[in-house]
Amino acid sequence: MAIKTGSQSGGGKSKAIRSRVFAFVVVFFVTFLAFSFLFVGRGLFTVASSGQNELPIVSSRQDLNWREWLALQHRNSLFSKDVIDVINASTNDLGPLSIDFFRKDKFSASWKVAGNKRSAGNATSAEAAAAGEALKTKQETSRFKEERTSNDNSVFLETPAKLARRQLRENRREKRAADMVKPDDEVNVKLENAAIEHSKSVDSAVLGKYSIWRKENDNENADSTVRLICDQMIMARVYTSLARMKNKTDLANELQTRLKESQRSLGDATADSDLHQSAPEKIKLMGQVLSKAKEQLYDCNLVTGKLRAMLQSADEQVRSLKKQSTFLSQLAAKTIPNGLHCLAMRLTIDYYLLPPEKRKFPRDENLENPDLYHYALFSDNVLAASVVVNSTIMNAKDSGKHVFHLVTDKLNFGAMNMWFLLNPPGKATIHVENVDEFKWLNSSYCPVLRQLESAAMKEYYFKAAHPTTLSAGSSNLKYRNPKYLSMLNHLRFYLPQVYPKLDKILFLDDDIVVQKDLTGLWSVDLHGKVNGAIETCGESFHRFDKYLNFSNPHIAKNFDPNACGWAYGMNMFDLKEWKKKDITGIYHKWQNMNEDRVLWKLGTLPPGLITFYGLTHPLEKSWHVLGLGYNPSIDKRDIENAAVVHYNGNMKPWLELAMTKYKPYWTKYIKYDHPYVRSCKLNE
């Protein structure tokens, strides 16, 4: 039994051994077949490759592997010739391509190369997507080929195809370089344009470190020490108040002492360079005291409340100072500089010392000749009138055809005559009249004269509700400017009465400068309108609702609040159409309705807008540029291209508060070497 069992066991073992041997033989046979298939496949690939590419091979061991063969078999269906050239160039010259870029959804005109950036020519996104699938195989093939080549010391010969590809690569490099330079040029142009615009804004600001008109173009980190001192002083005031509130007298006194030292150290400095050399030490001492105060007194709610109270107080002070500034600017605008007063007095004295026969101007026959160019100028400022006349004549093509009609008051009548007798404007004709000698201009005919003589108007203009402070009277001072009370200002509504035999006349204010020949204005077709003027509206600015009271039914019913305003200063008036449409009668009607100042407040522009409503023809803006008396940011090119520049506003060019950047346009027409000018110390 035991023996039988053992024999059965031995038979099982022999069967297991036979099975293992058989399995080994099978594995060996399969392996042999695989290697045989490998060698046969490589031989076939070598023949196909040599037949297709016609590349002479120096060594038979340069057979390519089967994976490259498979990739090349599908090359035509996957890539275009351009794509193959790009991949070849990038692989040969720059190393393997990075596949990460091709895994993105969108493709650009550039392919990323590991360690470098190169353009891929004109490959499309579809071709790039297909290239991504086979790129890994291509990289492995390239590495395998390089290893085989280095190990076997074999060398491929240069072929026409390779030379063509190399030339293609060179062309692509040049194109890429040009493409890279072109955007840089565009960027440079943009930067230059931005710099030009920035220079315009800087140039439009008034020069000078301390000018209130200077734009803040300094570095934002400049003058940081001055700001630090100011901040320390603010916190010192806060803690001083809190210390006194909590009966910490010693700390309050110490803070007060440091505060005074900081104030002395700061002085009038507005820049770090202006600070006293002791400023850093004072800053250090103040910082120590503030740290000490913060430890003892800091309470968020108390500090916040104190700062808010200080802010409100400062805001009230700013408003008060603005009112005072307005008052003082209005006061300065209506004053007469000593030099101008001196000039008028000297000229007046010398005029009345002249014999009557020497007080007459030549060429009187031109005064009523409608074929000449006639100008109307109403002024009580001798120097300003001389600039208007001189600038017009100096820029005129034929000065002999120009006639100037000047009207002034009796106070300046002698001075105005004497100046132009001594300084005749070339071959031009000039005539000076006294407004007080116009007998027809009386209160029975002229509504504004009648209103000025009324007690209510005197109360309004002269007493101005008896302001007790500067700030309280600032809003009323502008109403008391002499120009609003002078008939010289309202005489513009009576041009046909003053010059009955003229057909056209160009009205000029005395605060303008002429820079070009103005004779072209006489040929402008006004299309049946009476007034040719420059419009001043821009979006919602300078429209009728700025000047007129549209809460009044008479105004609301007859005028459009969005109608465009226009400017006095240079106006071409057709006196024939004026008479036909009875412009002076329209003016009288509305002036009578405004006796209580319910339609408009003051001046001649609001009644002018009403009187010439629908009767104004807009002129080209280059004829007349406004704002040199209040706007510091007018484009310099606009000023230089303008036929007339206008110093409308409070900062007239003959006043000390004039903007220095605009003053040369006016002063260039003044003879500062004239004996009268030098004797009155009128300087540039």
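Being a predicted model, the structure only gives us computed values, none of them experimental. (Residues numbered from 1 in each chain as written. Predicted model: local features only at pLDDT ≥ 70, side-chain atom pairs only at ≥ 80, totals over all residues. Heavy atoms only, no water.)

1. Considering the sheet that holds strand S6 (residues 504-508)
Sheets are built from strands that pair by backbone hydrogen bonding, the pairs being arranged parallel or antiparallel. On the basis of which strands lie adjacent, the open sheet formed by seven strands has the order S5-S4-S3-S6-S9-S8-S10 and mixed pairing. On the outer flanks of this sheet lie strand S5 (429-434) and strand S10 (616-618), each paired with one strand and no other. In this sheet, adjacent strand axes meet at a mean angle of 25° when their direction is disregarded. Pairing geometry for strand S8 (residues 531-533) and strand S9 (residues 570-574), over two bridges, is antiparallel. Its bridge partner being in S9, asparagine 531 is matched across the sheet by phenylalanine 573. Against the sheet, helix H12 (residues 382-394) touches strand S3 (373-378), strand S4 (402-408) and S6, its axis set at about 175° to S4. Along the sheet face, helix H13 (residues 413-422) touches S4 and S5 and points at about 170° away from the line of S5. (Pairing = 2+ DSSP bridges. Helix = DSSP H or I, 4+ residues; strand = E, 2+ residues; numbered from the N terminus. Axes fitted to C-alpha atoms, helices over the stretch in contact; angles between N-to-C directions. Contact = heavy atoms within 4.5 Å.)

2. Thoughts on the pairing of S3
The buried fraction of S3 is high, at five of six residues. Two strands pair when backbone bridges link them, and S3 and S4 are joined in this way by six bridges, in the parallel orientation. Bridge pairing in S4 links tyrosine 375 to phenylalanine 404. By the bridge criterion, three bridges tie S3 to S6 in an arrangement that is parallel. Considered in S6, the bridge of leucine 377 is made with leucine 508. (Buried < 20%, exposed > 50% of the residue type's maximum accessible area, 1.4 Å probe, protein only.)

3. What to know about helix H7 (residues 224-245)
In this model, H7 (22 residues) spans 32 Å end to end at C-alpha, consistent with the 32 Å of a helix rising 1.5 Å per residue. The complete set of buried residues in H7 reads Val226, Ile229, Gln232, Met233, Ala236, Val238, Tyr239, Thr240, Leu242 and Ala243. Asparagine 247 sits one or two residues past H7 and shows a positive phi near 60°. (Expected span 1.5 Å × (residues − 1).)

4. Points about the packing of helix H8 (residues 249-266) against helix H9 (residues 279-297)
Two elements in contact, H8 and H9, have axes separated by 10 Å at closest approach and are oriented at 155°. As summarised for this structure, H8 and H9 are arranged roughly antiparallel, according to the angle between their axes. Considering only the axes of H8 and H9, their crossing is left-handed. Between H8, through Leu251, Glu254, Leu255, Arg258, Leu259, Glu261, Ser262 and Ser265, and H9, the contact on the second element is made entirely by Ala279, Lys282, Leu285, Met286, Val289, Leu290, Lys292, Ala293, Gln296 and Leu297. (Parallel < 35°, antiparallel > 145°, perpendicular 65-115°, else oblique. Left-handed = near helix turned anticlockwise from the far one by under 90°.)

5. A closer look at the side chain of threonine 392
Mapping threonine 392 onto the fold places it in helix H12. Here threonine 392 falls in the buried class, since its relative accessible area comes to 2%. Excluding its chain neighbours within four sequence positions, the residues that come into contact with threonine 392 are Tyr375, Phe404, Leu508 and Val514.

6. As for the sheet that holds strand S7 (residues 512-514)
Within the open sheet, the three strands sit side by side as S7-S12-S11. Their pairing is mixed. In this open sheet, the two strands that pair with only one neighbour each are S7 and strand S11 (624-625). Pairing of S7 with strand S12 (residues 644-646), which is carried by three bridges, proceeds in the antiparallel orientation. Note that in S12 the partner of valine 514 across the bridge is valine 644.

7. Overview of the UniProt feature "coiled-coil region" (unreviewed entry) in the chain
Annotation from UniProt places "coiled-coil region" (unreviewed entry) at residues 245-272. Across residues 245-272, helical content stands at 68% and strand content at 0%; the span's end C-alpha atoms are separated by 35 Å. (UniProt positions renumbered as here; feature names shortened; annotations may be inferred.)

8. Digging into H9
With 19 residues, H9 should cover 27 Å at 1.5 Å per step; its first-to-last C-alpha distance of 26 Å lies within 8% of that length. Among the residues making up H9, those that are buried are Ala279, Ile283, Met286, Val289, Leu290, Ala293 and Leu297. For H9, the buried positions fall inside an angular range of 135° around the axis, keeping them on one side. With respect to the buried face of H9, the exposed residues turned more than 90 degrees away are Pro280, Lys284 and Glu295. Buried-residue contacts for H9 involve H7 and H8. (Arc of directions from axis to C-beta.)

9. Observations concerning unusual backbone geometry
Peptide bonds are trans in most cases, and residues, glycine excluded, mostly fall at negative phi. At arginine 363, a position not held by glycine, the phi torsion is positive, near 60°. In the Ramachandran plot, lysine 681 falls in the positive-phi region, its phi being about 60° despite a non-glycine side chain. Of note, lysine 681 is situated in the segment after helix H27 (675-679).

10. Here we look at the state of the cysteines
Within this structure, the stated rule accounts for two disulfides. Each disulfide pairs two cysteine sulfurs, and for cysteine 342 the partner residue is cysteine 680, the sulfurs being separated by 2.2 Å. Residues cysteine 342 and cysteine 680 share a disulfide whose torsion about the S-S bond is about -75°; that sign makes it left-handed. With a gap of 338 residues between them, cysteine 342 in helix H11 (residues 338-352) and cysteine 680 in the segment after H27 connect regions that are remote in the sequence. Residue cysteine 342 is classed as partly exposed on the basis of its relative accessible area, which comes to 23%. Looking at cysteine 680, the relative accessible area reads 6%, which means it is buried. Paired by a disulfide, cysteine 537 and cysteine 564 hold their sulfur atoms 1.8 Å apart. Classification of the bridge connecting cysteine 537 and cysteine 564 rests on its S-S torsion, roughly -100°, and on that basis the disulfide is left-handed. Here cysteine 564 lies in the loop between helix H21 (553-558) and S9 and cysteine 537 lies in the loop between S8 and helix H20 (544-547), a separation of 27 residues in the sequence. When its relative accessible area of 22% is taken as the criterion, cysteine 537 is described as partly exposed. (Disulfide = S-S within 2.5 Å.)

11. Thoughts on the confidence of the model for the chain
Mean pLDDT over the chain works out to 76, with 65% of the residues at or above the 70 mark. Every residue in residues 202-221 scores below 50 in pLDDT, and together they form 35 contacts with partners more than four places removed in sequence or on other chains. Across residues 470-474, where pLDDT falls below 50, the model places eleven contacts with residues more than four positions away in sequence or in other chains. (pLDDT = per-residue confidence, 0-100.)

12. Describing the nonpolar core
Counting residues in hydrophobic clusters, the biggest one holds 64 residues, and the most contacted among them are Leu406, Leu506, Leu518 and Leu521. Among all residues touching leucine 521, those that are not within four sequence positions of it are Leu506, Met570, Met572, Leu619 and Trp623. (Core = buried A, V, L, I, M, F, W, Y, C linked by side-chain atoms within 4.5 Å.)

13. Here's the deal with the pattern of salt bridges
According to the stated counting rule, one finds eleven salt bridges in the structure shown. Lysine 581 is the partner of glutamate 577 in a salt bridge, and the nearest nitrogen-oxygen pair spans 2.7 Å. In this pair, glutamate 577 and lysine 581 both sit in helix H22 (residues 575-581), four residues apart, roughly one turn of the helix. A cluster of three or more residues bridged by salt bridges with shared partners is formed by Arg258, Glu261 and Lys282. (Salt bridge = Lys/Arg side-chain N within 4 Å of Asp/Glu carboxyl O.)

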